[in-house]
Amino acid sequence: MTNLIDIKNVRHAYKTASGPLPVLDGLTLSVPEGGFVAVVGPSGCGKSTLTKLVAGLMKPDEGEVWLHGERVKSPRSTVGMAFQNPVMLEWRSILKNVMLPLEIVPTKLTKSQQEDRARYLLDLVGLKGFEDKRPSELSGGMRQRASLCRALVHQPDVLILDEPFGALDAFTREDLWQIMHQVKAKEPFTGVLITHDLRESIYLADQVVVLSGRPARTQFTLDIPETGPRDIDMLYTPEAADMLHTLRHQIEIAQGRAPAEDTAA
Ligand SMILES: Nc1ncnc2c1ncn2[C@@H]1O[C@H](COP(=O)(O)OP(=O)(O)OP(=O)(O)O)[C@@H](O)[C@H]1O
Ligand SMILES: [Mg+2]
């Protein structure tokens, strides 16, 4: 199968006042078309840096980033992004906030088709009836749902989610996970999810990649077996407990709290 995202042997260091800070150290990661990969790793290891390279917002010092068989050298409009604290324009309605990327990214859609698409996505995430509200009138979970719609509105090839649910309470987060599955069934995308939540990674993704501590490289990869439509109950099975245990252990290795020779497992 061809990979939609191909990150090949990427190295990157930030220039800082006290000298170069190596952040990525020969990182390689691929996502097939329609795949959804979760990336976990210690805080500060380089996950957000990785998302900026995929979106073309930064160029790596070495190595290559490919999207759809094209080398990424500049910002890509075919990438949709959502972050932990969505920035919404308070003077615009939720509907107009969701439509924002269509004003920036060239689109063949007419104005009314653009509005239909935004309304369709808001309906899909359960925000029908909130189109005319202002961002401050929505709860954190609702704003995050709207931000997901905004990331998807221009039908991006790639969806990058950088800790999108990190600021939400546990129950709201689980609601959002289920909505993500519903959205992916209707609006298939190729995705990269950065998260600190191991349960979230195994519930949402079909592969979990653990990055080493900074400078990051791919330390461990876990494929999540496909067992049909995912139900939140899957998180309470012995198989899920095994996967979480494995990932937890890998994070401890990445943090330097467990011996590195265990990575061969
Ligand atoms: N523009 C920058 N200039 C200099 N250093 C930076 C810059 N951006 C990030 N860094 C540093 O690079 C390292 C990796 O940052 P990055 O944001 O990619 O980590 P992260 O894995 O996303 O962390 P977290 O899990 O806390 O979000 C950190 O040490 C950070 O301080
Ligand atoms: Mg980050």
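Up top you'll find the structure we're talking about.
Conventions used here
Residues numbered from 1 in each chain as written. Chains lettered and ligands numbered in written order. Predicted model: local features only at pLDDT ≥ 70, side-chain atom pairs only at ≥ 80, totals over all residues. Heavy atoms only, no water. 1 Å grid on protein atoms, 1.4 Å probe; cavity = no way out; pocket = protein on both sides within 12 Å on 5 of 7 lines; lining within 4 Å. Points joined across faces, edges and corners; volume = space filled by probe spheres on them. Helix = DSSP H or I, 4+ residues; strand = E, 2+ residues; numbered from the N terminus. Nonpolar A, V, L, I, M, F, W, Y, C, P; charged D, E, K, R; others polar. Core = buried A, V, L, I, M, F, W, Y, C linked by side-chain atoms within 4.5 Å. Buried < 20%, exposed > 50% of the residue type's maximum accessible area, 1.4 Å probe, protein only. Domains from an automatic or database assignment. Contact = heavy atoms within 4.5 Å. Pairing = 2+ DSSP bridges. Near = heavy atom within 4 Å. Polar contact = N/O pair within 3.5 Å; in protein donor to acceptor, adjacent residues only side chain to side chain. Areas by Shrake-Rupley, 256 points an atom, 1.4 Å probe, with all protein chains shown as cover. Axes fitted to C-alpha atoms, helices over the stretch in contact; angles between N-to-C directions. Parallel < 35°, antiparallel > 145°, perpendicular 65-115°, else oblique. Left-handed = near helix turned anticlockwise from the far one by under 90°. Salt bridge = Lys/Arg side-chain N within 4 Å of Asp/Glu carboxyl O.

Novice: Quick one: what's the story with empty space enclosed by the protein, residue by residue and with numbers?
Specialist: Taken as a whole and judged by the stated rule, the model has one cavity of 30 Å³ or more. What the largest cavity holds in volume is close to 40 Å³. Around the largest cavity, the lining residues are I7, L29, L50, T51, V54, I160 and V192. Sort the elements by how many residues they give to the lining of the largest cavity and helix α1 (residues 47-54) lands first, with three residues. Looking at the lining of the largest cavity, its residues break down into six nonpolar, one polar and no charged.

Novice: Requested: an account of the nonpolar core, with residues and values cited.
Specialist: Membership of the largest hydrophobic core comes to 53 residues, with the highest contact counts inside it found for L148, L161, M180, V183, I202, L204 and V208. With six residues, helix α4 (residues 140-152) is the largest single contributor of residues to this core. The residue makeup of this core includes at least three contributed by each of domain 1 (1-77 + 186-265) and domain 2 (79-156). Discounting residues that sit within four places of it in the chain, L148 has contacts with V125, L159, L161, M180 and V183. Core analysis: the second largest hydrophobic core is formed by 28 residues, I5, V39, V158 and I160 among them.

Novice: Please set out the pairing of strand β2 (residues 19-32) residue by residue, giving values where relevant.
Specialist: In terms of strand pairing, strand β1 (residues 3-16) meets β2 through eleven bridges, oriented antiparallel. Within the sheet, the bridge partner assigned to R11 lies in β2 and is D25. Between β1 and β2, which pair antiparallel one after the other, the connecting turn spans two residues.

Novice: Explain the site of ligand 1 to me, and be specific about the residues and the numbers.
Specialist: Near ligand 1 you find 14 residues, and of these S43, G44, K47, T49 and R214 are the closest. Taking T49, its side chain carries an N or O atom lying 2.5 Å from an oxygen atom of ligand 1. Here H196 contributes a side-chain N or O atom positioned 3.2 Å from an oxygen atom of ligand 1. Here ligand 1, which alone exposes 640 Å², has 65% of that area covered by the protein. Among the elements of the structure, β1, β2 and α1 are those that each provide at least two residues to the shell around ligand 1. By residue number, the principal contributor to the shell around ligand 1 is α1, which donates three residues. Partitioning the shell around ligand 1 into residue classes produces four nonpolar, seven polar and three charged.

Novice: Explain the sheet that holds strand β10 (residues 218-223) to me, and be specific about the residues and the numbers.
Specialist: In space, the six strands of this open sheet follow the order β6-β7-β8-β3-β9-β10, with mixed pairing throughout. The sheet terminates laterally at β6 (79-83) and β10, the two strands that pair on one side only. When the angles between neighbouring strand axes are averaged without regard to direction, this sheet yields 15°. Of the strand pairs in this sheet, β6 and strand β7 (residues 158-162) are connected by five bridges, and their pairing is parallel. Within the sheet, the bridge partner assigned to M81 lies in β7 and is I160. With respect to the sheet, helix α7 (residues 238-254) is in contact with β3 (36-40), β9 (207-211) and β10, its orientation differing from that of β10 by roughly 175°.

Novice: Account for the environment of Y14, with residues named and values stated.
Specialist: Looking at the element boundaries, Y14 is found in strand β1. Exposure remark for Y14: the relative accessible area of 28% places this residue in the partly exposed category. For the pair formed by Y14 and P60, sequence separation is 46 residues and the distance between their alpha carbons is 9.9 Å. Residue contacts for Y14: discarding those within four places in its chain leaves G19, P20, L21, V23, T49, K52 and M58. A polar contact is formed between the side chain of Y14 and the side chain of T49, at a distance of 2.8 Å.

Novice: Tell me about the packing of helix α2 (residues 94-104) against helix α3 (residues 111-124), and please be specific about residues and values.
Specialist: Between α2 and α3, the least distance of the axes is 9 Å, while the angle of their chain directions is 120°. The orientation of α2 relative to α3 falls into the category oblique. Between α2 and α3 lies a crossing of right-handed hand. Contact residues: I94, L95, V98, M99 and L102 in α2; K111, Q114, E115, A118, R119 and L122 in α3. Tallied by class, residues from the contact of α2 with α3 come to seven nonpolar, one polar and three charged.

Novice: Explain the pattern of salt bridges residue by residue, including any values.
Specialist: If charged atoms from side chains of opposite charge come close, those side chains can pair. Throughout the structure, instances matching the rule amount to twelve salt bridges. The salt bridge partner of R230 is E226, with a shortest N-O separation of 3.4 Å. Using a relative accessible area of 15% as the deciding quantity, one classes R230 as buried. Each member of the salt-bridge network shares a partner with another, and the members are R11, D25, E62 and R217.

In short, geometric facts, not functional conclusions.
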